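What the coordinates show
Single-letter residue listing:
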Amino acid sequence: PAVDILEQTDCFVVALDVPGVPPEEIEITTKNGILTIKGERKEDRDLNENEFHRVERVSGSFYRRFSLPDSADPSQVSAQGKNGVLEIVIPKGEKAKARRIEVTATS
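Conventions adopted
Sequence order as written defines the numbering, with residues in each chain counted from 1. In keeping with the model being predicted, local features are shown solely for residues with a pLDDT of at least 70 and side-chain atom pairs are shown and tallied solely at 80 or more, while totals for entire chains, interfaces and linings include all residues. In computing side-chain values, all of the structure's heavy atoms are included and hydrogens and water are not. We define a salt bridge as a side-chain nitrogen of Lys or Arg found within 4 Å of a carboxyl oxygen belonging to Asp or Glu. Strands here mean DSSP runs of E at least two residues long; helices mean DSSP runs of H or I at least four residues long; both are numbered from the N terminus. Three labels apply to residues, based on accessible area from a 1.4 Å probe with only protein chains included: buried if under 20% of the type maximum, exposed if over 50%, partly exposed otherwise in between.

Take the pattern of salt bridges next. Considering all chains together, one arrives at three salt bridges under this definition. For the salt bridge of Lys 42 with Glu 25, the shortest nitrogen-to-oxygen distance reads 3.3 Å. With a gap of 17 residues between them, Lys 42 in the loop between strand S4 (34-41) and strand S5 (60-67) and Glu 25 in the loop between strand S2 (11-17) and strand S3 (27-31) connect regions that are remote in the sequence. You can call Lys 42 exposed: its relative accessible area is 52%.

Next up on the list: unusual backbone geometry. The residue Asn 32 is not glycine, and still its phi comes out positive at about 50°. Topologically, Asn 32 is positioned in the loop between S3 and S4. Given the relative accessible area of 70%, Asn 32 is considered exposed. Positive phi, normally seen in glycine, also occurs at Asn 83, with a value near 55°.

Listed below in structure tokens is the structure:
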């Protein structure tokens, strides 16, 4: 499926187009810095192939893998599906977040 990956200040967001795939049938795992997404879009055709004029919607299993940056915190990944889009949020770890350091004057 098509994927968009967005980096925000405190997290990364991965959005996948998965119309027709129930969210509970998608497997998402993280291991050794790799995010893996697996699932299957089942064929929903009840008609004979000869009755179709055009077939463009793809069915079958899918498997996507992405390397997570060092700044990602894989232990806090969350996911939700809505309107055929799976959204995976990967928070950044504390060490990756920018922080302001005060400079004090010495005498």
